[in-house]
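Tertiary structure, described
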Amino acid sequence: MIVVGGGIGGLGAAFALTRRGLRVRVLEQAPEFGEVGAGIQLAPNCTRILDDYGLLDEAAGLGVRPGAMVMRDAVDGDELTRLDLGDLERRYGYPYLVIHRSDLHGLLLRACRAAGVDLVTDARAAAYENTAAGARVTLTSGVVHEADVVIAADGLHSVARALLVDDEPVSSAYVAYRGTVPADQPRVADVDLGEVVVYVGPSCHFVHYGLRGGELLNQVAVFESPKARAGEAAWGTPDELDDAFAKTCGFVRDGLPYLWRDKWWRMYDRDPIATWVHGRIALLGDSAHPPLQYIAQGAIMAIEDGWVLAEHVARNRGADGTVDWDAALAAYEAVRPEHCRRVVATSRTWGELWHLDGVRRTRRNALLRARDTYDYSFVDWLYGPTALFPHEEPPLFEPIPLDGAAATA
């Protein structure tokens, strides 16, 4: 097999398939394997898979096992609701972890090397094509790689996706600034590193949690860009960052100077698609389902994709080692697109909920304050075991109408 893309999704899939006895080559466009960004959250639906891979203990040692997830109002700083992550672990059987993206990527890279994955760098895909015997990838260098199956884990701007649908990334007009703060900085003294906290505010939100055993504080500030809404090319600039958070509480504003102000990430997703397979070429991860970040499932969905595909390979492999690829890919496509459609759609809705203002903000706050800490109705569909077949996909939560809440603070 060939996996195009050496990010978290691509490496996760390569490891999952290799441990099922397949020979896998990963083609990475960069000169070396690596990951950018800061923190990432791993819910039980992901740590369950890491445990199956034998990688959970290493991941837990590199990350932090927080005790609570807390939502606060960004304007006044008041707590709105929380999840007890210790109780959540008892409910789902696996922990909630936070980890540096580069640490998770490095863990998967080491696992792939130990498993014998062929790792190739400086390999940018220019074209995909089905062949009589499988599929091929042609690189920008002109080099051609062929295999029984090609998995396109080539990200938001996937070349392979164009084989299935003529679409473009959808801009949310939101932008993210990130930064990590060493534990010896004054900012960290005011923070409980055992909590994952999000401050939700009008057209903005702010997240923080500890990383690397409490050595670092991870911070993320996200806001809607007026320049983006106006159609300007240069949007998301530091002046917009400061303006967006000007009316938030002191704790949030005090965190802004600790962000990296020389780089920012514009927030895009794509409309969900139901077809991920074209002959012997299949999409995986952000090439298939790039989400907005509001329920922290982007990398997790990619890891789930690889696990599900490998499980169906195992179920459709004969005694002589040959794989019925038509059956395996059909089973993969039968279950993953609908789950990921739900995640992409819920992420968009959750983002709207976070960023309300005026009367709708106070109604949201009233609903959240009324929620029982141990009510899991909104995450049971997400944090339970990853479905291998459509009938295993749990029912989605029942939305609560915001307009039915009392408009009181």
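Here S203, not a glycine, exhibits a phi torsion of approximately 60 degrees, which is positive. Relative to the elements of secondary structure, S203 occurs in the loop between β13 (195-201) and β14 (204-211). Non-glycine residue A296 carries a positive phi angle of around 55 degrees. By the secondary structure assignment, A296 is in the loop between β18 (281-283) and α10 (298-315). Note on A296: relative accessible area 23%, which makes it partly exposed.

What follows concerns the pairing of strand β12 (residues 170-182). Taking burial as the measure, the 13 residues of β12 include ten buried ones, the bulk of the element. With nine bridges connecting them, β12 and strand β15 (residues 216-224) associate as antiparallel partners. Bridged to Y174 within β15 is E224.

Bringing the layout of surface pockets into the picture now. Using a probe with the size of a water molecule, rolled over the atoms, empty space left in the structure can be pinpointed. What the second largest pocket holds in volume is close to 310 Å³. Lining the second largest pocket are 16 residues, and of these M1, R23, V24, A147 and D148 sit closest to its centre. Grouping the amino acids of the lining of the second largest pocket by side-chain chemistry returns seven nonpolar, three polar and six charged.

About the cut-offs
- Residues numbered from 1 in each chain as written.
- Predicted model: local features only at pLDDT ≥ 70, side-chain atom pairs only at ≥ 80, totals over all residues.
- Heavy atoms only, no water.
- Helix = DSSP H or I, 4+ residues; strand = E, 2+ residues; numbered from the N terminus.
- Buried < 20%, exposed > 50% of the residue type's maximum accessible area, 1.4 Å probe, protein only.
- Pairing = 2+ DSSP bridges.
- 1 Å grid on protein atoms, 1.4 Å probe; cavity = no way out; pocket = protein on both sides within 12 Å on 5 of 7 lines; lining within 4 Å.
- Points joined across faces, edges and corners; volume = space filled by probe spheres on them.
- Nonpolar A, V, L, I, M, F, W, Y, C, P; charged D, E, K, R; others polar.

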